[in-house]
Amino acid sequence: MSTTKATATTSGSGSSPTLRNASLDMPRTSPTLRSPSPVGEVVVLPGPPGSSATTPPPSTGLLTPGDPSASLKAAVDAAEQLQSWLKEPITREEVAGRTIAWDGHVHAELLTSQQAEMLKAYDKRELSAKTQMIASRGVEYVHLLLHLLTTINTVDTQQYIILLLAEIVEVDPDRRLPLILQVEAHMDPYVPLLNLSCKEGSDWFCQKEAFMLLARLFCKAQNINPEHIERFLDQLCKQLVLENPVEVRIAVLPLMKLLVRPDFRIPFYQRKGVQLLTDVIACHLSVVKFQLLYEVIFCIWLLCYEKDIASHLPDELIPHLVDIIKLVQKEKVHRVCIATFRNMSALERNLVGMISCGVHRMMPLLLSRKWGDTDVADDLQEIDSAIQKQLHVMSSFDVYKHEILSRRLEWSPVHQSDKFWRENASRFEENKYEMLGTLEDILKTSEDPVVLSVACHDLGEFVQHHPRGRSLINQMNVKVELMKLLQHKSPEVQKHALFSLQKMMAHKWDNLGS
């Protein structure tokens, strides 16, 4: 496989890479995504947006802070939840604090005396002393540690050995990774790491460290056995479907490194990788999991540099990204979502999806915001320009139709325009009354008060402006659903359900009078 100048740096095993240059053949210069903030920082949750007794104005979709005391309590709760879900089964510090009886492994015939002396000379020494030993005998030490991963089965010792290997590399990855590759003269260096990370019931810590070492190696190496790549990608995909976010994250972090190289993107996509990442977002769409969301979207951003991938994204991905921008009040999360939208915006299909989800209504507020990163403002300008061009070729009804079918209704101007309803009510007949059926289904299934309110309002407008509106509604179960919504916990939903029913009844008496 060919190599590129793509490089990603990390600070420790738990941080995300700062992209220097994602690829030489990317369609544009990559946005600078700063390294994420410390994982344990406190998240202040926004309060609910205010409501009014009248029909609300067009919404930007962005949340605003609520009551300070409520936000403070939410911040404390969020911090506690964050610590809970991020808690690792075992830390590097705990593993590094162990004392391994290397002589005991000699007695068990798992080590030779010479190997034990090498390990004792290196283990627990100062960094400067270790650096000198690696400078003179680096390949020997790497070869020994990789070999021990194949002969020693005790989990505690395996964890210690893989940590020693990882620490050797992390001191100076550019110089130390070639030491592992030089071991190929004696053994295949990938096999012990793949066996450790891909076997059934792998230890979490060993798997995490092996994943990261493999990702670093695959990014550095030029000629890689295709079977090793397939095995590694298959295991990462298996890891992504797990429920525990701590287990999912150990697959996401190496993917952030691996996908910097363009030649790994299509193979990952072919394993339904984008869908798997989208499912991770859906499963963990929570403000307290902003770090995982950031890392997953970072991977998607890299994948969207490939036109073949960006043109076949899951339908639910754009709605999820919009939800994240609304929910997570973190600039770094917004940055990576915006950068992903920019990569998507070269394709009409994605622009229509953004318009359906109301991205164009969010743009004025996003454009007016002061960003710490100038690349974000450039990205927003590009996205806005692409969306405006798309809006010019779409009629108001096209925009409305996509909004209805996306089931993400907001109080955009067309809902309250008499001119729109007079000109377009008859178009509800298209595709076997698909939009009417969607609005009815929204009444049955949606839990969002805004979506329900808009759906109730639109059904009333349809009846009022379509010559056979009442007759068509009577053939459906709409009135029953509207009656149920009169008992909804949201006063806004109750109000719009009542108004809609009144329009239907008024229409009835108008017909009788005529």
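Let me sum up the structure you'll find in this document. For every chain, the first residue of the written sequence is number 1, and numbering continues from 1 onward in sequence order. This being a predicted model, a pLDDT of at least 70 is required before a residue's local features are given, and a value of 80 or more before pairs of side-chain atoms are given or counted; all residues contribute to the totals for chains, interfaces and linings. With hydrogens and water set aside, each side-chain value is computed from the structure's full complement of heavy atoms.

**Overview of the overall build of the protein chain**
- Across its full length, the protein chain holds 27 helices and two strands.
- For the protein chain, with 514 residues in total, the buried portion stands at 52%.
- Note that accessible areas follow from Shrake-Rupley with a 1.4 Å probe, and for residues the cover is restricted to the protein chains shown. Accessible surface, the protein chain: about 23,200 Å² in total, of which carbon and sulfur atoms supply 52%. Per the convention used, a helix needs a DSSP run of H or I reaching at least four residues, while a strand needs a run of E reaching at least two, with both numbered from the N terminus. Partly exposed residues are those whose accessible area sits between 20% and 50% of the maximum for their type, while under 20% is buried and over 50% is exposed, using a 1.4 Å probe and protein chains only.

**Considerations on the packing of aromatic side chains**
- Centre distance within 6.5 Å is the pairing criterion for rings of Phe, Tyr and Trp, where only the six-membered ring of Trp is used; planes under 30 degrees apart are then read as stacked, over 60 as edge-to-face, and the remainder as tilted. Enumeration over the complete set of coordinates arrives at 17 aromatic pairs.
- Measuring from centroid to centroid gives 5.3 Å for Tyr190 and Phe218, while their planes differ by 15°, and the two rings are stacked. Residue Tyr190 is found in helix α8 (residues 190–198), and its partner Phe218 is found in helix α9 (residues 204–220); the two are separated by 28 residues along the sequence. Of the two residues examined, Tyr190 and Phe218, each falls in the buried class.
- In this analysis the charged atom, NZ for Lys or CZ for Arg, is taken to sit over a ring once it is within 6 Å of the ring centre and within 35 degrees of the ring normal. One cation-aromatic arrangement involves Lys330 over Phe290; the distance from NZ or CZ to the ring centre is 5.4 Å.
- Lys332 extends its terminal NZ or CZ atom over the ring of Tyr294, reaching a point 5.0 Å from the ring centre.

**Let's talk about the side chain of Arg176**
- Secondary-structure assignment places Arg176 in helix α7 (residues 173–182).
- Once residues lying within four places of it in the same chain are set aside, the contact partners of Arg176 are Thr131, Ile134, Ile168, Val169 and Val171. The criterion used for residue contact is that any of the two residues' heavy atoms lie within 4.5 Å.

**Observations concerning the pattern of salt bridges**
- Basic side-chain nitrogens of Lys or Arg form a salt bridge, by our definition, when they fall within 4 Å of a carboxyl oxygen of Asp or Glu. For the structure on display, the rule yields 26 salt bridges.
- Residues Arg98 and Asp156 are paired through a salt bridge, measuring 3.6 Å at the closest nitrogen-oxygen approach. Remark: Asp156 occurs in helix α6 (residues 155–171) and Arg98 occurs in the loop between α2 (92–96) and α3 (102–107); sequence separation between them is 58 residues.
- Overall, the relative accessible area of 40% leaves Asp156 in the partly exposed class.
- Through salt bridges with shared partners, a single network forms among Arg92, Glu170, Lys208 and Glu209.

**Observations concerning the packing of helix α4 (residues 113–122) against helix α5 (residues 127–151)**
- Between N-to-C directions, angles span 0 to 180 degrees; the directions come from axes that are lines fitted to C-alpha atoms, helices contributing only their stretch in contact. Running from amino to carboxyl end, α4 crosses α5 at an angle of 130°, the nearest separation of the two axes being 11 Å. The angle between α4 and α5 falls in the class oblique. Helix-helix and strand crossings are classified by hand; for α4 and α5 the assignment is left-handed. Judged by residue contacts, Gln115, Met118, Leu119, Ala121 and Tyr122 of α4 engage Lys130, Met133, Ile134, Arg137, Glu140, Tyr141, Leu144, Leu145, His147 and Leu148 from α5.
- The residue inventory of the contact of α4 with α5, partitioned by class, reads ten nonpolar, two polar and three charged. Any angle between 65 and 115 degrees counts as roughly perpendicular, while under 35 counts as roughly parallel, over 145 as roughly antiparallel, and the rest as oblique. Should the near helix be turned anticlockwise from the far one by less than a right angle, the crossing is termed left-handed; should it be turned clockwise, right-handed. For this classification, the nonpolar set comprises Ala, Val, Leu, Ile, Met, Phe, Trp, Tyr, Cys and Pro, the charged set comprises Asp, Glu, Lys and Arg, and every other residue, Gly included, is treated as polar.

**A closer look at the environment of Leu111**
- Inspection of the secondary structure assignment puts Leu111 in the loop between α3 and α4.
- Note on Leu111: relative accessible area 5%, which makes it buried.
- Along the chain, Leu111 and Thr151 lie 40 residues apart, while their C-alpha atoms are 8.8 Å from each other.

**Structural notes on the environment of Arg427**
- Counting through the fold element by element, Arg427 comes out in the loop between α22 (418–424) and α23 (430–445).
- Residue Arg427 is classed as partly exposed on the basis of its relative accessible area, which comes to 29%.
- Between the C-alpha atoms of Arg427 and His466, which are 39 residues apart in sequence, the distance is 9.4 Å.
- Setting aside anything within four residues of it in sequence, one finds Arg427 in contact with Ser395, Phe397 and Met435.

**Regarding helix α20 (residues 374–393)**
- In a helix, the anticipated span is given by 1.5 Å times the number of residues less one. Its 20 residues place the ends of α20 30 Å apart at the C-alpha level, agreeing with the 28 Å of an ideal helix rising 1.5 Å per residue.
- The complete set of buried residues in α20 reads Val376, Asp379, Leu380, Ile383, Asp384, Ala386, Ile387, Gln390 and Leu391.

**Side note on the nonpolar core**
- Nonpolar cores were defined as sets of buried Ala, Val, Leu, Ile, Met, Phe, Trp, Tyr and Cys residues, with membership established by side-chain atoms within 4.5 Å. Counting 127 residues, the largest nonpolar core has Leu193, Leu240 and Phe341 as the members making the most contacts within it.
- By residue number, the principal contributor to this core is helix α14 (residues 290–303), which donates twelve residues.
- For Leu193, the residues in contact, after removing those within four places along its chain, are Leu146, Leu149, Ile162, Leu165, Ala210, Leu213, Leu214 and Leu217.
- By size, the runner-up hydrophobic cluster in this structure holds 31 residues, among which are Ile404, Leu459, Leu472 and Leu485.

**What to know about the side chain of Gln207**
- By the secondary structure assignment, Gln207 is in helix α9.
- Judged by its relative accessible area of 7%, Gln207 falls in the buried class.
- Whenever a nitrogen or oxygen atom comes within 3.5 Å of another N or O atom, the pair is scored as a polar contact, on the condition that within protein one atom can donate a hydrogen and the other can accept it, and that pairs from neighbouring residues in sequence are kept only if both atoms are in side chains. Within the structure, Gln207 has its side chain in polar contact with the backbone oxygen of Ser197 (distance 2.8 Å).
- If we ignore the near neighbours within four places in the chain, the residues touching Gln207 are Ser197, Ser202, Gln235, Gln239 and Ile250.

**Observations regarding unusual backbone geometry**
- Positive phi, normally seen in glycine, also occurs at Asn431, with a value near 55°.
- Along the polypeptide, Asn431 turns up in helix α23.
- With a phi close to 60°, Tyr433 is a non-glycine residue in the positive phi region.
- Along the chain, the position of Tyr433 falls in helix α23.

**Digging into the environment of Gln390**
- If you trace the backbone, Gln390 turns up in helix α20.
- For Gln390, a relative accessible area of 8% puts it in the buried group.
- Taking C-alpha positions, Gln390 is 6.9 Å from Leu351, a pair spaced 39 residues apart along the chain.
- In contact with Gln390, other than residues within four places in its own chain, are Glu348, Leu351, Val352 and Ile355.

By themselves these figures say nothing about function.
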